[in-house]
Amino acid sequence: MHRILKALVGALLLTTMAPMVRGQSAVPSSSKTAVTANGLVADFYQPVESRGPLPAVIVLGGSRGGLDERTAWQATALAEHGYAALHLAYIVGPGLPTSAHLPTAIHLIPLEYFKTAIDWLRTRPAVDPDRIGVVGTSIGGMAALLVAAHYPDLRVVVAAVPSSVIWSTFGSSHTSMFSRAGQPLPYLPYGSGRGSGVYNLFDEGLNALAQHPDATIPVEKINGPVMVICGKLDSLWPSCRMSVQVVARLEANSFKHALQILEYADAGHSVFGPPVASEHATFAALGGAAGNAARVDSWPKAVTFIDAALKPSER
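Keep in mind that what you see is a predicted model, and the values were worked out from it rather than measured.

J.: Quick question: what am I supposed to make of the overall build of the chain here?
T.: Of regular secondary structure, the chain possesses nine helices and 11 strands. Burial statistics for the chain: of 315 residues in total, 57% are counted as buried. Partitioning the contacts of the chain with sequence separation of at least 6, the portion at a separation of at least 24 is 70%. Carbon and sulfur atoms form 54% of the exposed surface of the chain, whose accessible area is close to 12,600 Å².

J.: Is there a simple way to explain the state of the cysteines in this structure?
T.: As used here, a disulfide is simply a covalent bond connecting the sulfur atoms of two cysteines. Inspection of every chain in the model, using the stated rule, returns one disulfide. Covalently, cysteine 230 is tied to cysteine 240 through a disulfide, its sulfur atoms 2.1 Å apart. As the torsion about the S-S bond is roughly 95°, the cysteine 230-cysteine 240 disulfide counts as right-handed. Taken as a pair, cysteine 230 in strand β10 (residues 226-231) and cysteine 240 in helix α7 (residues 239-252) lie far apart in primary sequence, 10 residues in all. Taking relative accessible area as the criterion, cysteine 240 reaches 11% and is therefore assigned buried.

J.: Any chance you could explain the sheet that holds strand β7 (residues 154-160) here in plain terms?
T.: Across a sheet, paired strands are connected by hydrogen bonds in the backbone, their directions being either parallel or antiparallel. With mixed pairing, eight strands are arranged side by side in an open sheet as β1-β2-β4-β3-β6-β7-β10-β11. If you trace the sheet from one side to the other, it starts and ends with β1 (30-35) and β11 (259-264), each paired once. Averaged over all pairs of adjacent strands, the angle between strand axes in this sheet comes to 15°, irrespective of strand direction. Strand direction decides the pairing type here: strand β6 (residues 127-137) and β7, joined by five bridges, are parallel.

J.: I'm lost on the packing of aromatic side chains in this one. Help?
T.: When we look at a pair of aromatic rings, we describe it by the centre distance and by the angle of the planes. Counted by the stated rule, this structure contains eight aromatic pairs. Each ring, one from tryptophan 167 and one from tyrosine 190, has its centre 5.2 Å from the other, and the planes form 10°; the classification is stacked. Residue tryptophan 167 is found in the loop between β7 and β8 (178-180), and its partner tyrosine 190 is found in the loop between β9 (183-184) and α6 (199-206); the two are separated by 23 residues along the sequence. Accessibility classification places tryptophan 167 together with tyrosine 190 in one group, the buried group. Centre to centre, the rings of tyrosine 190 and phenylalanine 202 are 5.4 Å apart; their planes meet at 75°, and the pair counts as edge-to-face. Linking tyrosine 190 in the loop between β9 and α6 with phenylalanine 202 in helix α6, this pair joins segments that are 12 residues apart in sequence.

J.: Where do I start with α7 in this structure?
T.: For an α-helix, 3.6 residues make a turn, and residues three or four places apart therefore share a direction. Over its 14 residues, α7 runs 20 Å from end to end, which matches the ideal 20 Å to within 8%, given 1.5 Å per residue. For α7, the full list of buried residues reads Ser239, Cys240, Met242, Ser243, Val246, Val247 and Leu250. Seen end-on, α7 carries its buried residues on one side only, within an arc spanning 165°. Of the exposed residues in α7, those oriented more than 90 degrees away from the buried face are Glu251 and Ala252. The elements touched by buried residues of α7 are α5 (139-150), α6, β10 and β11. Two residues or fewer past α7, serine 254 is found with a positive phi of approximately 50°.

J.: It is not clear to me how the pattern of salt bridges should be interpreted in this structure. Could you clarify?
T.: Opposite charge on two side chains lets them pair, provided their charged atoms get close. Scanning all chains against the criterion turns up seven salt bridges. Residues participating in the shared-partner salt-bridge network are Lys115, Asp119, Arg122 and Asp153.

J.: Hey, could you run me through the packing of helix α4 (residues 111-122) against α5 in this one?
T.: Helix-helix packing is described using two parameters, namely the angle between the two axes and the distance between the axes. As a packed pair, α4 and α5 sit with axes 10 Å apart at the nearest point and diverge in direction by 75°. What the angle tells us is that α4 and α5 run roughly perpendicular. Contact residues: α4 offers Leu111, Phe114 and Ile118, while α5 offers Ala143, Leu146, Val147 and His150. Of the residues contributing to the contact of α4 with α5, the split by class is six nonpolar, one polar and no charged.

J.: Teacher, can you tell me more about the sheet that holds β8 here?
T.: Taking strand neighbours across the sheet as the criterion, the three strands line up as β5-β8-β9 in an open arrangement whose pairing is mixed. A strand with exactly one partner marks an edge of an open sheet, and here the two such strands are β5 (109-110) and β9. Alignment of β5 against β8, held across two bridges, turns out to be parallel. Note on β8: the bridge partner recorded for isoleucine 109 is phenylalanine 178.

J.: Sorry if this is basic, but what is going on with α6 here?
T.: Leu201, Phe202, Gly205 and Leu206 are the residues of α6 that are buried. The buried side chains of α6 occupy one side of the element, clustering within an arc of 125° when seen end-on.

Cut-offs and rules
Residues numbered from 1 in each chain as written. Predicted model: local features only at pLDDT ≥ 70, side-chain atom pairs only at ≥ 80, totals over all residues. Heavy atoms only, no water. Helix = DSSP H or I, 4+ residues; strand = E, 2+ residues; numbered from the N terminus. Buried < 20%, exposed > 50% of the residue type's maximum accessible area, 1.4 Å probe, protein only. Contact = heavy atoms within 4.5 Å. Areas by Shrake-Rupley, 256 points an atom, 1.4 Å probe, with all protein chains shown as cover. Disulfide = S-S within 2.5 Å. Pairing = 2+ DSSP bridges. Axes fitted to C-alpha atoms, helices over the stretch in contact; angles between N-to-C directions. Phe/Tyr/Trp six-rings, centres within 6.5 Å; stacked < 30°, edge-to-face > 60°. Expected span 1.5 Å × (residues − 1). Arc of directions from axis to C-beta. Salt bridge = Lys/Arg side-chain N within 4 Å of Asp/Glu carboxyl O. Parallel < 35°, antiparallel > 145°, perpendicular 65-115°, else oblique. Nonpolar A, V, L, I, M, F, W, Y, C, P; charged D, E, K, R; others polar.

By themselves these figures say nothing about function.
So, in structure tokens, the structure goes:
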């Protein structure tokens, strides 16, 4: 397990370490304000010129769980498109379970923290409290689906390279990554890791899902449209296998809202986000050399999907 944990730390660091340059934008600029109220660690973005209460989106990053640059680009781009955007840290930050060993920090994260963020947004004069959604990537995609399944205030979800289940924590203390009302939520243990690479740890774990059905995120409870996005060459975890599981559960429960899945055959874990100026080595390291091409396609489709849910009068 020590070998697997070390490999996972390295893989997760790849998702946040390498800088990437986004192309220049001609759209109106946005403002950013740090948020520390009620224990939150976040940045609040909104268009410099805005009229009336805005629809809002909570933006959740991946394993780093902090206010990293890549997720900030998503929040900035959404603000430039006319949204209030709350870039929310949930693992790394003052008062949060910061750890030098990132996977061990993903431990009993309380869903109530996300509810605090929703409630904070709902009280902002600049925000329409009935038009709030969430966008999450990787573990943030898992969190987006999970939080929306518990809190109907969220009216649309875009989950990129997500998990369909709640996973066990890493390290010597095995429990759930998430909690509610002080209790661990049901979780799926990892596989044995007999195969090479971190991917097999998750892939083998999914094979035992029938023995842990309560670990599956109850996505059918989400109160709005759901989009899932994945790359079939994802080398970090089986995001397409899990995205298909999300869709299957929604369809099996006659989900009444819009549902869309975007699968990219030549892309991996870096399949989502505002397009960057050029391809980057990190794309290939996480599976798939066509990551930026997928972003060129997936990002505007995701924004259009959110628009349909939160800006219906403008369509």
